[in-house]
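Secondary and tertiary structure notes
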Amino acid sequence: MTITTTCLQTIVNHAETINLNRRRVIGIQYTKSQIANVTETITRLPWQIKVKNSAYYDYADPATRALVEQLDYLDRRYVETISFSNNANLSYFFKYQGDLTPSQQSQLTVNSFTGNTLVLNVNSANISAGRYVVKQGDFVQIVGFPYPFTALGDVVYVSGSTVTITTHRPNFIDPINGYANQHVNWGNAVEFQVFCNNMPTYTFVKAGNTAAITFDSEFQLYEYTGNLVTNINEVVG
Amino acid sequence: MNKIQFVNSTTNIKVAEFISINVTPINTSVNTASVVTLNISTSYRNETCTVDLTTGTTALTFEAVSGLLNVGEYHRDLQSSSNDTSISLDGVSQTQIQNGALSGIGLVLNYNIKGSPLTIWRGFYDDSGNLMTYTDGQGRTRQLIQRFYGVVTSFTITENSDPQNLYYSIVLNCSSIKTILSNNVVGRRTNHDDFQHQTLGYMYQDGGGNWQLSATKTGDNSDYDTSMDQVAPLNNAYFNFGQKP
């Protein structure tokens, strides 16, 4: 039996601190003259998000029982799709900075995505010249493919039927999966497909007639960039 | 040796390894047309590259999500040398690679992996994540640079486990084709029959500039060592070097 979980989303929603690791696989050697030579292994550059969750959860609360049950089920083997748009307290996180209205955003579709060049069809979005499609650091994600990309630079709409965004990592989604003409999620609406590769254990602290639950470490969420997971909670690996 | 243009005048190199292995299913004769090619890479995406063992034009598609963990060290000397290397694979790979479950444990248990020919190339990427092309010494446009050609000589399956973690990994040990050729002639006596006994073949450069064994050369059956062919006739020949012509 597989179940649909929302536990990692709950953990994210209760985050006290969030740490992002976007570092690449790089080797640096220094010559005697102190010139640095850099070698990079080109990777899918998975998002690595550490979420610290210091809140105590009341074990008597059925929602807490469900939370820990789902976490135990998920363990380090299954993925869950999370977003940072589900909590008003996190609405600033990854917030879209461009000038497009939600209506305009919903009009743009994928034209092509080769290397780190994402070309979007403007369609009938009626974007005025000079408006920012994205600003540096804005998030985009093709609907149906939970792999967020960020914009390496500002993109200002001038004219024409397409706009081009240079992304922080090259596209690794196989075109055979059919992302052409798909719509795009923007800003904090992007979805991350992650699993927790350290799934912390938890401790019961007696609190009167119930117990408070605290997690023994932060949650290390690691983006799953393997083959497309079509069903939530599909096994990792 | 071809000049590698990507590594000139740069302090930032992005590389990936590309591997091609030809295997046959167990209980299948290697002479039948059942050879399956496993093309895998350490790249971040599937790549269709312009490499070929004979013509340098046929494209091969290398799987990115293939469980390839690491490629061991291999030497590149000024002259042809005998070196070994190893390839580490994830024991439980997540994907089925071409023509069935050709991955992980399935690869080494269901196929005749020992003796399978193997080629390793290296590819270089630009800042946009696209595989770069270069022009080789013969003026051909290529994407990959061959680094190793040999056969799989053995494999090991390793299990590391503790109460919380379990890892399987497979290591393919590979010998360069020069080692294989050297082993064929070790202890061979210096006479015509012994030289004919071993099917040695010879090394030649294909149309793409890669070194290959003559057994892969289309239409060439001269795989026998001809070094001793003229010894017997010469043995009984009499040469009067002082005779006027």
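A quick note: this is a predicted structure, and the numbers were derived from the prediction, not measured.

**Regarding the overall build of chain A**
What chain A contains, in helices and strands, is 3 helices and 18 strands. With the C-alpha coordinates of chain A rotated into their principal frame, the extents come out at 65 × 55 × 35 Å. The buried share among the 237 residues of chain A stands at 33%. Pairs at least 24 apart in sequence give 70% of the contacts found in chain A among residues at least 6 apart.

**Focus on the overall build of chain B**
Helices and strands together make up the secondary structure of chain B, namely 4 helices and 13 strands. Across chain B, contacts joining residues at least 24 apart in sequence account for 60% of those joining residues at least 6 apart.

**What to know about unusual backbone geometry**
Residues and elements named next belong to chain A. The phi torsion at Gln34 lies on the positive side, around 65°, for a residue other than glycine. Accessibility expressed as a C-beta count within 10 Å gives 6 for Gln34, which makes it exposed. Although it is not a glycine, Phe94 sits at a positive phi angle of roughly 60°. On the secondary structure map, Phe94 appears in the loop between strand E6 (80-83) and helix H3 (102-105). With 22 C-beta atoms packed within 10 Å, Phe94 lands in the buried category.

**Considering the domain arrangement of chain A**
All names here are of chain A. Structurally, chain A comprises domain 1 (7-90 + 192-223) and domain 2 (102-189). Of note, the centres of domain 1 and domain 2, computed from C-alpha atoms alone, are 27 Å apart. At the interface, 9 residues of domain 1 touch 6 residues of domain 2. Only E6 and strand E15 (191-196) provide two or more residues apiece to the side of domain 1 that touches domain 2. Residues that form the side of domain 1 that touches domain 2 fall into these classes: 4 nonpolar, 4 polar and 1 charged.

**What to know about the nonpolar core**
Residue and element names in this part refer to chain A. Counting 53 residues, the largest nonpolar core has Leu8, Val140, Ile165, Val194 and Leu221 as its most contacted members. The residues that make up this core include at least three from each of domain 1 (7-90 + 192-223) and domain 2 (102-189). With near-sequence residues (within four places) excluded, Ile165 lies in contact with Leu118, Leu120, Val134, Val140, Ala151 and Val155.

**Comments concerning the sheet that holds strand E16 (residues 202-207) of chain A**
Residue and element names in this part refer to chain A. Spatial strand order, E5-E17-E16: 3 strands in an open sheet with antiparallel pairing. Every interior strand has two partners, whereas the edge strands, strand E5 (57-58) and E16, have only one. With 2 bridges connecting them, E5 and strand E17 (residues 210-215) associate as antiparallel partners. Considered in E17, the bridge of Asp58 is made with Ala212.

**Quick look at the interface of chain B and chain A**
The interface is formed by 18 residues belonging to chain B together with 18 residues belonging to chain A. Top element by residues in the side of chain B that touches chain A is strand E1 (residues 12-23) of chain B. It accounts for 5 residues. Residues of the side of chain B that touches chain A, tallied by class, amount to 7 nonpolar, 9 polar and 2 charged. In the sheet, strand E3 (residues 36-41) of chain A pairs with E1(B) via 4 bridges, with the strands oriented parallel. Pairing of Val38(A) across the sheet is with Asn12(B), part of E1(B).

**Observations concerning helix H2 (residues 62-74) of chain A**
All names here are of chain A. The first and last C-alpha atoms of H2 sit 18 Å apart over 13 residues, in line with the 18 Å expected at 1.5 Å per residue. Taken together, the buried positions of H2 are Leu67, Leu71 and Leu74. For H2, the angular spread of buried residues about the axis comes to 65°, placing them on one side. Counted as exposed and oriented over 90 degrees from the buried face of H2: Pro62 and Asp72.

**Some details on the pairing of strand E6 (residues 84-90) of chain B**
All names here are of chain B. Across 3 bridges, the pairing between strand E5 (residues 68-71) and E6 is antiparallel. From the neighbouring strand, Val71 faces E6, where its bridge partner is Ile87. In terms of strand pairing, E6 meets strand E11 (residues 166-176) through 7 bridges, oriented antiparallel. By the bridge assignment, Leu89 is partnered in E11 with Ile170.

What counts, and where the lines are drawn
Residues numbered from 1 in each chain as written. Chains lettered and ligands numbered in written order. Predicted model: local features only at pLDDT ≥ 70, side-chain atom pairs only at ≥ 80, totals over all residues. Helix = DSSP H or I, 4+ residues; strand = E, 2+ residues; numbered from the N terminus. Buried ≥ 20, exposed ≤ 12 C-beta atoms within 10 Å, placed from the backbone. Contact = placed C-beta atoms within 7 Å. Domains from an automatic or database assignment. Nonpolar A, V, L, I, M, F, W, Y, C, P; charged D, E, K, R; others polar. Core = buried A, V, L, I, M, F, W, Y, C linked by C-beta atoms within 7 Å. Pairing = 2+ DSSP bridges. Expected span 1.5 Å × (residues − 1). Arc of directions from axis to C-beta.

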